[in-house]
Amino acid sequence: MPSALFILVLLAALCSLGCAMSREEKQKLRTQVVEMFDHAYQNYMDHAYPADELMPLTCRGRVRGLEPSRGDVDDALGKFSLTLIDTLDTLVLLNKTTEFEAAVRRVLADVRLDNDIVVSVFETNIRVLGGLLGGHSMAVMLKEDGQHMQWYRDELLHMAKDLGLRLLPAFNTSSGLPYPRVNLKYGVRGPEARTGTETDTCTACAGTIILEFAALSRFTGDPVFEAHARRALDFLWEKRQRNSNLVGTTINIHSGEWVRRDSGVGAGIDSYYEYLLKAYVLLGDDQFLHRFNIHYASIMKYISQPPLLLDVHIHKPLLPARTWMDSLLAFFPGLQVLKGDIRPAIETHEMLYQVTKKHNFLPEAFTTDFRVHWAQHPLRPEFAESTYFLYKATGDSYYLEAGRTILDNLNRFARVPCGFAAMKDVRTGSHEDRMDSFFLAEMFKYLFLLFADGEDLPFDVEDYVFTTEAHLLPLSLSTAPRSSFLVPSNTTILESEEELDDSNFDWTCPNTRLLFPDPAFPHNLREPIRSVVDKSCPRPAPYREPGMGTPPLRAQDFMANNPEHLELLRRMGVSLIHLKDGRVQLVQHATQAVSPIAAEDGIRFMQEMMELSSQQQKEQLPPRAIQIVSHPFYGRVVLTAGPAQFGTDLSKSTTGVRGFVTIAEPYTGCSEITNSEYVQGHIALLQRGQCMFAEKARHIQKAGAIGGIVIDDNEGSSSDTAPLFQMAGDGRSTEDITLPLLFLFHKEGNILQEALKEYREVEVLLSDKARDRAAIFKGKALPGSLFEGSADIVNEAEEGCQTEATTPTSFGQSQSNTAESEGSEVISSKEDPDTSPAEDVNPTVSSEPVKKDSEKKVEPESDADSNSQSVDELLADWREDLEAFRQMEKDEL
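Residues numbered from 1 in each chain as written. Predicted model: local features only at pLDDT ≥ 70, side-chain atom pairs only at ≥ 80, totals over all residues. Heavy atoms only, no water.

## Comments concerning the pairing of strand β29 (residues 763-767)
In step 1: Counting buried positions along β29 gives five out of five residues, so the element sits mostly inside the fold.
In step 2: Side-chain alternation along β29 places Glu-763, Leu-765 and Ser-767 on one buried face and Val-764 and Leu-766 on a second face that is also buried.
In step 3: Alignment of strand β25 (residues 657-663) against β29, held across four bridges, turns out to be antiparallel. The residue bridging Phe-660 from the neighbouring strand is Glu-763, located in β29. (Buried < 20%, exposed > 50% of the residue type's maximum accessible area, 1.4 Å probe, protein only. Helix = DSSP H or I, 4+ residues; strand = E, 2+ residues; numbered from the N terminus. Pairing = 2+ DSSP bridges.)

Now the structure itself:
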């Protein structure tokens, strides 16, 4: 019995160090990675291609020049379908050869590299040139296998060479360091180029060229590319600080003077060190490894303070340059694995893992006591990269669990309907409308490899080296003939014997099984790191739904007519109040929550609601138009309408939808239509309320309607006092809805109802904007007057002036949003029965729209019964708004 007990205790101890994950569990996680990749990739192809990147919150492509500038970040965009090129070799690795072949054909057919646009040399090299070369490597491999790509004739390589030649003008400097930017069409230093005046570049920008340029030279046989990349590396090596053997962050490309003299392994320097070591791996040149070893010894002497990696001054390396770290240094443990220095890799990775578990993601920068310094997280893959390499080196299933954590956090906090959105603030979980191409190029590649065994892969990854963008370059390039390659004039072939005197350990890769015979060794290294991080900043309790064990209610899923959601709000201390004007007000009091964790969930929910509101304010779609085209209006009356997120997109229709209006029965449209014989072939008129917009649309579509108009039931509402909104779905698929549905506020809807009372048959045109009367009547004689005998309007018609009676809407309202732990107030612009995810609840503090002078108007005197106003009086009231509406249309365009 004692022996059996001892065995059980030993097994329990070993499992606590990390029990092996079953093959079935790894298969499940690998399948999840593929599903997540498909979600991101397909949404890019459906909503963004051929744009460079996807904007996942607004479900559209990011096209440079059409979106507000983000500064240097936009230099990666060159109107060359960046995300597709960056993803090519990922498709092959994930066993998607059919999709890869289709993607290559798309790149060859659609992508142009001669655009008149200024791009980053660094980003274009690692993402586009690297992507083309990685795609070429995969295409050649598949072609040699004999089943796919048999038509391929090195077309991607030809494109890569074309791009390489377009980048070469940037290297035309006295130092050999490239300009940071180049015009793809005009190069540098010309009036058309709009670049070439820069004097500084980052060390990584100039030192992260060699892999792609050397591969291009060896693939094509043209030595010019590798020669320029080597020259830039030689210059950086010569300019290192000779006492510390460190390099600065920013350098003058003409003089070689260091502009920023802080040195670390994160932003601005990171991939310079990576490419020195990987250039040795790919090209077999000992000189690169020698230089890396000298730099690495200085890094470990001055920058590494296990588990921290802190910047120092290159001239005074014992003096820290800052007290925080940036997230890009998360690649360094992976590089240490490649170097063979496993112990510090384990320690630094563990520190990063604990910070990740505190904040769900690595903040863009965090302090030495592991608090947030910069709160953004653009879905960077460096931590996943290091996790993969450490698992490969140790076989410790602990790193598989770290990978599972990455997957779970991406799905819980970054996943949105149109992809994955970058985190604007890891503390609140707010999003940014951004999904960078490196997310598809790197993140899913490393996560898939982490959970894959050799037999799960279409090729042996050990035959390739990963670039800094995780593109795959074959190691066979090292055997390419080198006699034809030029040696730059400033290259030092032999270093001094003193500098070459490295230990044998530095020139070999250690066997980790001999270094770590004790399976508990990695665990023993991690445990003190975990304790240090825990003590520095208390770890929050596991995130869960208030009072339950599942994730909390997210603002994007909230529906105000869902009893379960209302109960969840109550538990979080959030109360919902219906205002008289039909809006919904949300107020949170932390003291009324059922627990402190529930109160935190409530604060996060309120912050998410305000983010949604702010996003909707920015993403407001142009108004749609309902144009009355029947007698006696003939297209002159245009009503401003709000669109729906489902059904026919009128902005993509050249003709719109035209038909006679019929009031549906029941008027709410919340049950089966009883007068379907009248609704069929007509545009149904509905009242807002009692059910979801999508439900109304389905009922009238089933009755045979060709379109629908929903009129607000809140008397007095108008588009000139409330912002238009998009009618959202009901939380499930709305692909079955194929007709257009538009929304009118009460005032505009009353116009249509009055016309229907006075004229039994009213025909309207539903479209994205008011159409010219000539287009509406297609060459037929245009009616000369709005009403017979109206001489003034006859004269206007003869002069070719189209008089549109409109009700303008106000955009760009200035609103203030706040959320405190107590007394936070959020107001929705919709009534709860029609409230639906992400649209019908706008978390904004109530404010009146800001109106331009041109939109001000004098309301007409009203009789006791305002509904009895004649159409003539209404038209007289609307005509003053004509110019304002036209101006707004111009502004929207």
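## Here we look at the sheet that holds β25
In step 1: Read across the sheet, seven strands follow the order β24-β23-β29-β25-β26-β27-β28 without closing on themselves; strand pairing throughout is mixed. Each having just a single partner strand, β24 (637-641) and β28 (741-744) make up the two edges of the open sheet. Between one strand axis and the next, the sheet turns by 30° as a mean value, whatever way the strands run.
In step 2: Alignment of strand β23 (residues 624-628) against β29, held across four bridges, turns out to be antiparallel. Bridge pairing in β29 places Ile-626 opposite Leu-766. (Axes fitted to C-alpha atoms, helices over the stretch in contact; angles between N-to-C directions.)

## What to know about the packing of aromatic side chains
Remark: the centre distance and the inter-plane angle together describe each pair of aromatic rings, the angle taken between the planes.
In step 1: Taken as a whole and assessed by the stated rule, the structure comprises 27 aromatic pairs.
In step 2: Ring geometry for Phe-37 versus Phe-444: centroids 5.8 Å apart, planes at 80°, classification edge-to-face. Of the two residues, Phe-37 sits in helix α2 (residues 23-47) while Phe-444 sits in helix α16 (residues 437-451), which places them 407 residues apart along the sequence.
In step 3: For Phe-37, a relative accessible area of 0% translates into the label buried.
In step 4: Among the aromatic residues, those joined into a ring-pair cluster are Phe-37, Tyr-41, Phe-420, Phe-439 and Phe-444.
In step 5: In this structure, Arg-240 packs its charged tip against the face of Trp-237, placed 3.7 Å from the ring centre.
In step 6: The ring of Tyr-353 has Lys-357 lying over it, and the distance from NZ or CZ to the ring centre is 4.6 Å. (Phe/Tyr/Trp six-rings, centres within 6.5 Å; stacked < 30°, edge-to-face > 60°. Lys NZ or Arg CZ within 6 Å of the ring centre and 35° of its normal.)

## Topic: the packing of helix α12 (residues 332-339) against helix α13 (residues 342-359)
In step 1: With their axes 8 Å apart at the nearest point, α12 and α13 run at an angle of 165° to one another. Comparing their axes, α13 and α12 come out roughly antiparallel. The way α12 lies across α13 gives a crossing that is left-handed. Contact residues: α12 offers Pro-333, Gln-336 and Val-337, while α13 offers Ile-342, Pro-344, Ala-345, Thr-348, His-349 and Leu-352. (Parallel < 35°, antiparallel > 145°, perpendicular 65-115°, else oblique. Left-handed = near helix turned anticlockwise from the far one by under 90°. Contact = heavy atoms within 4.5 Å.)

## Points about α12
In step 1: The buried count for α12 comes to seven of eight residues, which makes it a mostly enclosed element.
In step 2: By the burial criterion, the buried members of α12 are Phe-332, Pro-333, Gly-334, Leu-335, Gln-336, Val-337 and Lys-339.
In step 3: The first or second residue beyond α12 is Gly-340, which carries a positive phi of 100°.

## Observations regarding the confidence of the model for the chain
In step 1: Looking at the chain as a whole, the pLDDT averages 80, with 74% of positions reaching at least 70.
In step 2: A low-confidence stretch, residues 538-550 stays under pLDDT 50, and its non-local contacts, those more than four residues away or across chains, total 32 contacts.
In step 3: Counted against residues more than four places away or in other chains, residues 784-869, with its pLDDT under 50, gives 248 contacts. (pLDDT = per-residue confidence, 0-100.)

## Remarks on the pattern of salt bridges
In step 1: Considering all chains together, one arrives at 46 salt bridges under this definition.
In step 2: A salt bridge links Asp-453 to Arg-23; its shortest N-O distance comes to 2.4 Å. With a gap of 430 residues between them, Asp-453 in the loop between α16 and β19 (464-466) and Arg-23 in helix α2 connect regions that are remote in the sequence.
In step 3: Look at Asp-453 and you get partly exposed, because its relative accessible area is 22%.
In step 4: Arg-23 sits in the partly exposed class, given a relative accessible area of 38%.
In step 5: Residue Asp-649 pairs with Arg-624 through a salt bridge whose shortest N-O separation is 3.6 Å. Taken together, the residues span a long stretch of sequence, with Asp-649 in the loop between β24 and β25 and Arg-624 in strand β23 at a distance of 25 residues.
In step 6: Judged by its relative accessible area of 8%, Arg-624 is buried.
In step 7: One continuous salt-bridge network, built from bridges that share partners, spans Arg-23, Lys-26, Arg-30, Asp-453, Glu-455 and Asp-456. (Salt bridge = Lys/Arg side-chain N within 4 Å of Asp/Glu carboxyl O.)

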